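Next come the chains, spelled out residue by residue.
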Amino acid sequence: MCVFAEMYRLHFDSFCVRWCWESVKVLGIDFANELNISCNTSTKSTKINTSVLHALLKLSPQGEPLMRIWPDPTAANTMTRWKNRESIATYLKIVRVFVDFSVQLPNNLTIIEPFATRLLQEKRASLNKFLTWSDKPILEYETLRLLASLCRVSDVTARECVRVMNLQSPIFQKLSARQMKGSTQDVQVREAFVDFVLTLAKCKEKSVYRFLMRENGLLSSLFRSLESDSDAVILRITLSMRQYVLDNTLLDLRAKRAVFNHVAIRKLVALMKLQDDSIQEESSNPAEPSQISRRYGSKCAYELLFGWIDFI
């Protein structure tokens, strides 16, 4: 019990204490002694010392304690250990950092790939459930970021994500346009969704690519809410569309038309018009410069749109 007294003395939040307690029961007291996680509940930020990750890998390279204490919304006895849903988001971040850290280690793919695959297979129901809690954007955000990290492990895990996750469900269509007023810099659900989809787009598996290129599929859904995106997101989307679609010689015209559908064209035209309108407003009232007029979204939209016109 002295371990827990020390944790409270160091002001670890209740989530970390519970996680340590479960880890102690599973792996023994040594893990708790090596653990060093600090959480700032006011900013919802979590800093994880690399010693934590080394300790976890040393005691269980397969991440077994992370699987054992996974929060399952369908199991009441499991959810009782979670004080609130924000703590689940913190936990998902810990899992994500563990995955990202493991991928960077040399010769570790044979260990982290089975873990990522197993997590997708066994926890897909809860991952889908987390994405339905729209009243907790931090949970949507961390779930999407975890999915992106799992897909980055290898083409195998990306293919498994497409196979087991219900990516055609209405919830992913909603997430594609999830712009929130007053979003903090650390919680941008739309940006997390864009990162997840473009991570899948990097996969070289043909089955994944065919899935992304479907009519009204994930890739074409990135055009939704384009006019409300930041410069960085607009630039990333337009450059990726050129790389993965327009300039991809392996795709036929039918597949490219599925991505550059009427919604995509309308959004690109709207983005160009939005820029033109803001310039006119600024010229008529120079004392109040428009924020939109300082964006270069119109240029990105113009280049992509006319690149598509030249292609067809």
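Residues numbered from 1 in each chain as written. Predicted model: local features only at pLDDT ≥ 70, side-chain atom pairs only at ≥ 80, totals over all residues. Heavy atoms only, no water.

Time to look at the overall build of the chain. Counting secondary structure elements, the chain contains 18 helices and 2 strands. Residues classed as buried in the chain amount to 51% of the 312 residues present. Intrachain contacts of the chain at a sequence separation of at least 6 include 69% that bridge at least 24 residues. (Helix = DSSP H or I, 4+ residues; strand = E, 2+ residues; numbered from the N terminus. Buried < 20%, exposed > 50% of the residue type's maximum accessible area, 1.4 Å probe, protein only. Contact = heavy atoms within 4.5 Å.)

Our next topic: helix H12 (residues 189-201). With 13 residues, H12 should reach 18 Å at 1.5 Å per residue; the first-to-last C-alpha distance of 19 Å fits that figure. The element H12 is extensively covered by neighbouring structure, given that 12 of its 13 residues are classed as buried. What H12 keeps buried is the set Val 189, Arg 190, Ala 192, Phe 193, Val 194, Asp 195, Phe 196, Val 197, Leu 198, Thr 199, Leu 200 and Ala 201. (Expected span 1.5 Å × (residues − 1).)

All right, on to the layout of surface pockets then. There is about 320 Å³ of room inside the second largest pocket. What lines the second largest pocket is a set of 13 residues, among which Lys 204, Lys 206, Tyr 209, Asn 248 and Leu 250 lie closest to the centre. If you tally residues by element for the lining of the second largest pocket, the top one is helix H13 (residues 206-212), at 3 residues. Each residue belonging to the lining of the second largest pocket can be placed in one class, and the counts come to 7 nonpolar, 1 polar and 5 charged. There are two domains that each give the lining of the second largest pocket at least three residues, and those are domain 1 (22-222) and domain 2 (224-279 + 296-311). (1 Å grid on protein atoms, 1.4 Å probe; cavity = no way out; pocket = protein on both sides within 12 Å on 5 of 7 lines; lining within 4 Å. Points joined across faces, edges and corners; volume = space filled by probe spheres on them. Nonpolar A, V, L, I, M, F, W, Y, C, P; charged D, E, K, R; others polar. Domains from an automatic or database assignment.)

Once that is clear, we can look at unusual backbone geometry. With phi around 60°, Asn 107 is a residue other than glycine that occupies positive phi space. With respect to the secondary-structure elements, Asn 107 resides in the loop between helix H7 (85-104) and helix H8 (109-130). One non-glycine residue, Ser 225, adopts positive backbone phi at about 65°. Judged by its relative accessible area of 9%, Ser 225 is buried.

Quick look at the confidence of the model for the chain now. Looking at the chain as a whole, the pLDDT averages 77, with 69% of positions reaching at least 70. Taken element by element, the chain is modelled with least confidence in helix H1 (residues 2-9), mean pLDDT 36, and with most confidence in helix H10 (residues 155-164), mean pLDDT 96. Long-range and interchain partners of residues 1-46, a stretch whose pLDDT sits below 50, account for 75 contacts in this model, where long-range means more than four residues apart. Segment residues 288-294: pLDDT under 50, and 12 contacts once partners within four positions in sequence are set aside and those in other chains are kept. (pLDDT = per-residue confidence, 0-100.)

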